[in-house]
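The chain contents come next:
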Amino acid sequence: MTLASMVSSMPGRDYAPFAYGFRPFFWLVGAFALVAMLAWLGMVSTGFSPLPRLPAMLWHGHEMLFGLVGAAIAGFMLTAVPSWTGARGFAGMPLVLLVLVWLAGRLTFAFAAFVPPALVAICELAFLPALACLIGPPLLRSRNRNTPLLFVLLAIWLSDVAFTVALMRGDGMLASSALLAAIDIVLLLITVIGGRIVPAFTASALRTRGLATDLRGSRWADGIAIGAMIAVIVLDVFAPRTRAAGIVAAVAAIAHFWRLGGWQTRRTLREPLVWCLHLAYAWMAVGLTMKAVQLLAGTAWSAHWLHALTVGAAASMIVAVMTRAALGHTGRPLVAAGSIAFAYLLLSLAAMVRAFLPSLGVVEYRWTLMLAGALWLAAFAIFLIKYTPILMRPRIDGRPG
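Residues numbered from 1 in each chain as written. Predicted model: local features only at pLDDT ≥ 70, side-chain atom pairs only at ≥ 80, totals over all residues. Heavy atoms only, no water.

S.K.: Explain the overall build of the chain to me, using residue names and the numbers behind them.
M.R.: On a plain count of helices and strands, the chain comes out with 14 helices and 0 strands. Secondary structure elements in the chain, listed N-terminal to C-terminal, are α-α-α-α-α-α-α-α-α-α-α-α-α-α. For a compact globule of 401 residues, the expected C-alpha radius of gyration is about 21 Å, and the chain comes in at 20 Å, within 12% of that figure. The C-alpha extent of the chain, read off along each of the three principal axes, is 60 × 55 × 40 Å. The buried share of the chain, taken over its 401 residues, is 54%. Across the chain, every contact between residues at least 6 apart in sequence was considered, and the portion connecting residues at least 24 apart equals 77%. Approximately 17,100 Å² of the chain is accessible, and the part contributed by carbon and sulfur atoms is 71%. (Helix = DSSP H or I, 4+ residues; strand = E, 2+ residues; numbered from the N terminus. Rg over C-alpha atoms; globule rule 2.2 N^0.38 Å. Buried < 20%, exposed > 50% of the residue type's maximum accessible area, 1.4 Å probe, protein only. Contact = heavy atoms within 4.5 Å. Areas by Shrake-Rupley, 256 points an atom, 1.4 Å probe, with all protein chains shown as cover.)

S.K.: Could you give an account of the packing of helix H3 (residues 56–85) against helix H7 (residues 149–169), naming the residues involved and the relevant values?
M.R.: Contact geometry of H3 with H7 gives a least axis separation of 12 Å together with a crossing angle of 160°. As judged from the angle between their axes, H3 and H7 are roughly antiparallel. In terms of crossing hand, the pair formed by H3 and H7 is left-handed. Contacts between H3 and H7 involve Leu58, His62, Phe66, Ile73, Met77 and Trp84 on the former and, on the latter, Leu149, Leu153, Ile156, Ser159, Asp160 and Phe163. Class assignment for the residues of the contact of H3 with H7 results in 9 nonpolar, 2 polar and 1 charged. (Axes fitted to C-alpha atoms, helices over the stretch in contact; angles between N-to-C directions. Parallel < 35°, antiparallel > 145°, perpendicular 65-115°, else oblique. Left-handed = near helix turned anticlockwise from the far one by under 90°. Nonpolar A, V, L, I, M, F, W, Y, C, P; charged D, E, K, R; others polar.)

S.K.: Break down the pattern of salt bridges for me, citing the residues and quoting the values.
M.R.: Counted under the stated rule, the structure contains 6 salt bridges. Two residues, Arg106 and Glu124, come together in a salt bridge whose shortest N-O distance is 2.6 Å. On the criterion of sequence distance, the pair formed by Arg106 in helix H4 (residues 93–110) and Glu124 in helix H5 (residues 117–125) is long-range, its members being 18 residues apart. Since its relative accessible area comes to 7%, Arg106 is described here as buried. (Salt bridge = Lys/Arg side-chain N within 4 Å of Asp/Glu carboxyl O.)

S.K.: Describe in detail the side chain of Ser316, supporting the description with residues and values.
M.R.: With respect to the element layout, Ser316 can be found in helix H12 (residues 305–328). A distance of 2.8 Å separates a polar atom in the side chain of Ser316 from the backbone oxygen of Gly312. Residues contacting Ser316, with those up to four places away along its chain left out, are Ala280, Val311, Leu347 and Ser348. (Polar contact = N/O pair within 3.5 Å; in protein donor to acceptor, adjacent residues only side chain to side chain.)

S.K.: I'd like a description of H12, backed by residues and values.
M.R.: Taking 1.5 Å per residue as the helical rise, H12 with its 24 residues ought to reach 34 Å, and the 33 Å between its terminal C-alpha atoms agrees with that figure. Within H12, 21 of the 24 residues are buried, leaving the element largely enclosed by the surrounding structure. (Expected span 1.5 Å × (residues − 1).)

S.K.: Please set out the packing of aromatic side chains residue by residue, giving values where relevant.
M.R.: This structure, assessed with the given rule, holds 10 aromatic pairs. Ring geometry for Phe32 and Trp102: centres 5.4 Å apart, planes at 80°, overall edge-to-face. Of this pair, Phe32 sits in helix H2 (residues 22–46) while Trp102 sits in helix H4, and the two are 70 residues apart along the sequence. Plain terms: the ring middles of Phe76 and Trp84 are 6.0 Å apart, the flat faces sit at 75° to each other, and that makes the pair edge-to-face. On the basis of relative accessible area, Phe76 is assigned to the partly exposed category, the value being 23%. The rings of Tyr20, Phe22 and Phe26 are connected pair by pair, giving a single aromatic cluster. Across from the ring centre of Trp367, 4.9 Å away, lies the NZ or CZ of Arg366, which sits over that ring. (Phe/Tyr/Trp six-rings, centres within 6.5 Å; stacked < 30°, edge-to-face > 60°. Lys NZ or Arg CZ within 6 Å of the ring centre and 35° of its normal.)

S.K.: Outline the environment of Ala300, listing residues and values.
M.R.: Along the polypeptide, Ala300 turns up in the loop between helix H11 (272–297) and H12. Judged by its relative accessible area of 54%, Ala300 is exposed.

S.K.: Please give an account of the confidence of the model for the chain that cites residues and values.
M.R.: Overall, the prediction assigns the chain a mean pLDDT of 93, with 97% of residues at 70 or greater. Ignoring residues within four places in sequence, the model shows residues 1–12, a span with pLDDT below 50, making 14 contacts including any to other chains. (pLDDT = per-residue confidence, 0-100.)

S.K.: Tell me about helix H9 (residues 219–238), residues and numbers included.
M.R.: For H9, which comprises 20 residues, the first-to-last C-alpha distance of 28 Å matches the rise-based estimate of 28 Å (1.5 Å per residue) to within 8%. Those residues of H9 not exposed but buried are Ala221, Ala225, Ala228, Met229, Val232, Ile233, Leu235 and Asp236. The backbone nitrogen of Trp220 lies 3.3 Å from a side-chain oxygen of the residue at the head of H9, namely Ser218.

Here you go:
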């Protein structure tokens, strides 16, 4: 029996929450964004850390990256791969099991102080290989151009392996390095995928309004942006926080600004589902600029560049993609509600507060975290309220999925 026939025979394919890959994982992104942020703010207030021998901020970084971003990547790939390859969508029991594997990782990391280290490692490190086992066969069978994304999954998984080893050793430096490498890999993924979908969705929106779609793409900008992001990964692994790393970050920032300059952002301001993508991509350029300035000049205002990249670029891009994909794949018009447009702005405001307010020295650092966290919570609460019915109910056009 082939994998496709096994999947099609599994029960639950017609149950809406598990009828397509994006449904459970996009919902989990929203829910976990709330749970993990509330937990982190509680740790900031109490000083408690759920990780033995490692500070709470490393749990926060790990769960936001491998938990939240990992769920977002799963939802995206489980939805995109059928579109790329023509294979049947992932649904039913395989999807239920994958969700359970993800949940097992979250629970064991939350109670890592009370769970045997080997069990923590098994539960945490099973998710991405399980995801690869689902999406790998159709990609390889069709020889799709996106097959190299499997290597991206492998690289993120190896970063998680390194973090898990650091957890067992109580090695905070290794854990931090693993997180930075994984963040860079996620940013490379945004560079590649974002470089395709931002201009494509922009052109589509302009055509819908009867406007010319003369977007000015550049293969040079594309190549330099991708190459520079690969170099960012290499230097952050082998020569982090060096002058060379700062120079490469500057090159990457220039390439991202160059790309963005050709995508006619100003003409998208009437389309929240489009300008949110531009805003998220702009944070990539801003965050890398801050990183370059920090590594080369050490100015105070650029010290928190990491959150410009994680909250501003990664989280904003995730919400932008989720809100659009969920509408399109449930048969709804591609029109963002006003509250969702507000959520986009709240998330960018959270990034601004987290990245820039600490350097001003006008608010105690702990309250800066609380304010940024509150803005984050408000943004994802709006997403969850508006999109839970969309993700949990059948398509409005009656089609499967």
